[in-house]
Amino acid sequence: LSTNYISIMSGIPRIIPRHLGKDQKPFKSNEPEFWAENSQTVTDFIHSMSALFPEGEAFFVRAVRRFADDSRLKQNDKLCTEVKAFIAQEAQHAAEHSSYNKKIQGKHNHDMDGVNFMLQKIFYVIEHSPLIPNKAYGCLGITCSLEHLTASLAEILLTTPEGRYLIDSIAPSHRALWVWHAIEETEHKAVAYDVYCEVGGWYLARVYRHLLTTVIFIAVVVYLNVKFMLDHKNGITLSGVRDLFRFLFIYPGFFTMFIPMWFDYMRPGFHPWSDLKEREKMREAIRYWSTELNLRPAASKSGDLKTK
């Protein structure tokens, strides 16, 4: 689907940058140490997701900004406006998760600074590796794949009974951060993809980058979860591994639910907003959770992230 066609489709949620209120910051003193399902391994898994965001969001912004002066993009005023809102949202996500990760490092003894350094090196290799021909399109294609991953997990969180179970099972001060992030990932999930299409990205290249991205993502997530388990005195335990497997693949089973979404991205006619029922469902979920958590639009600005 072309971005020109997508732009006239009704019901796509607006991209609205928001800020969390001061009373919505995580790690309240009266909450349990393992705040997700009262499980050490599930909490550590979610911490590992947060560890990816500051450097990941900066990479996404760099990938999209490389095409800021492309004449094909400049001709699409609607998409240019969405790119600015995308950057504003991603800048705020990076800032909130940087602060969040510092608290994780202090309270759970996870070396989040070391993780940031490792991710900087990984993204440097991606941006300079011969495995990624045509770097600008390669990095944008990887961004499209990772945005699909985060938006799909956000959709599961916001619209399914399993997602509601997880929301209800995590400590309230953490709930606002993750639901807020999920809402905004959903709103801007098509921006990088639309830029990719607008500047002439190829289907087969998109599929190759999706496969490569999946391999890298799985390797990094496995490494981080092993590392975080070893940070605890009890180390890696059979019960902990079993608990994490149950969480990811049985119930709530987020990764199992994501598998058909992963394959959907491989379709030649794929677009993140092509499903009318999904648009209606997501619009209602965004409205509900924005009201439930009293999320307010931020002051209008384009946002910024360092592009080191």
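What comes next concerns the included structure. Keep in mind it's a predicted model, so treat the numbers as computed, not measured.

The next subject is the packing of aromatic side chains. Inspection of every chain in the model, using the stated rule, returns 17 aromatic pairs. Ring centres of Phe59 and Phe60 lie 6.3 Å apart, and the angle between their planes is 65°; on these two criteria the pair is classed as edge-to-face. The same class applies to Phe59 and to Phe60, which are both buried. A ring pair is formed by Phe249 and Phe255, whose centres lie 6.1 Å apart and whose planes are at 85°; its orientation type is edge-to-face. Overall, Phe249 belongs to the partly exposed group, its relative accessible area being 36%. Linked through ring pairs, Phe45, Phe245, Phe247, Phe249, Phe254 and Phe255 together constitute an aromatic cluster.

Before going further, it helps to examine the pattern of salt bridges. Going through the model one piece at a time under the given rule, you end up with 15 salt bridges. Residue Glu278 is joined to Lys189 by a salt bridge in which the shortest nitrogen-to-oxygen separation is 2.2 Å. Taken together, the residues span a long stretch of sequence, with Glu278 in helix α13 (residues 276-292) and Lys189 in the loop between α8 (172-187) and α9 (191-198) at a distance of 89 residues. When sorted by exposure, Glu278 lands in the same class as Lys189, which is buried.

Under the definition given, this model contains two cavities of 30 Å³ or more. The computed volume of the largest cavity comes to approximately 690 Å³. Forming the boundary of the largest cavity are 36 residues, of which Met49, Phe53, Thr150, Leu153 and Phe217 lie nearest the centre. Elements with a contribution of two residues or more to the lining of the largest cavity: α2 (40-65), α5 (112-128), α6 (135-159), α7 (161-169), α8, α10 (203-230), α11 (238-250) and α12 (254-264). Counting residues per element, the lining of the largest cavity draws most heavily on α2, at eight residues. The class makeup of the residues in the lining of the largest cavity is 30 nonpolar, four polar and two charged. Each pocket or cavity is described by its volume, and for the second largest cavity that value is around 50 Å³. Lining the second largest cavity, in full, are Lys25, Pro26, Glu96, Ser99, Tyr100, Lys103 and Leu177.

On the secondary structure map, Leu149 appears in helix α6. Discounting chain neighbours no more than four positions away, the residues touching Leu149 are Phe217 and Phe258.

Basis of the calculations
- Residues numbered from 1 in each chain as written.
- Predicted model: local features only at pLDDT ≥ 70, side-chain atom pairs only at ≥ 80, totals over all residues.
- Heavy atoms only, no water.
- Phe/Tyr/Trp six-rings, centres within 6.5 Å; stacked < 30°, edge-to-face > 60°.
- Buried < 20%, exposed > 50% of the residue type's maximum accessible area, 1.4 Å probe, protein only.
- Salt bridge = Lys/Arg side-chain N within 4 Å of Asp/Glu carboxyl O.
- Helix = DSSP H or I, 4+ residues; strand = E, 2+ residues; numbered from the N terminus.
- 1 Å grid on protein atoms, 1.4 Å probe; cavity = no way out; pocket = protein on both sides within 12 Å on 5 of 7 lines; lining within 4 Å.
- Points joined across faces, edges and corners; volume = space filled by probe spheres on them.
- Nonpolar A, V, L, I, M, F, W, Y, C, P; charged D, E, K, R; others polar.
- Contact = heavy atoms within 4.5 Å.

This is a description of form; function is not addressed.
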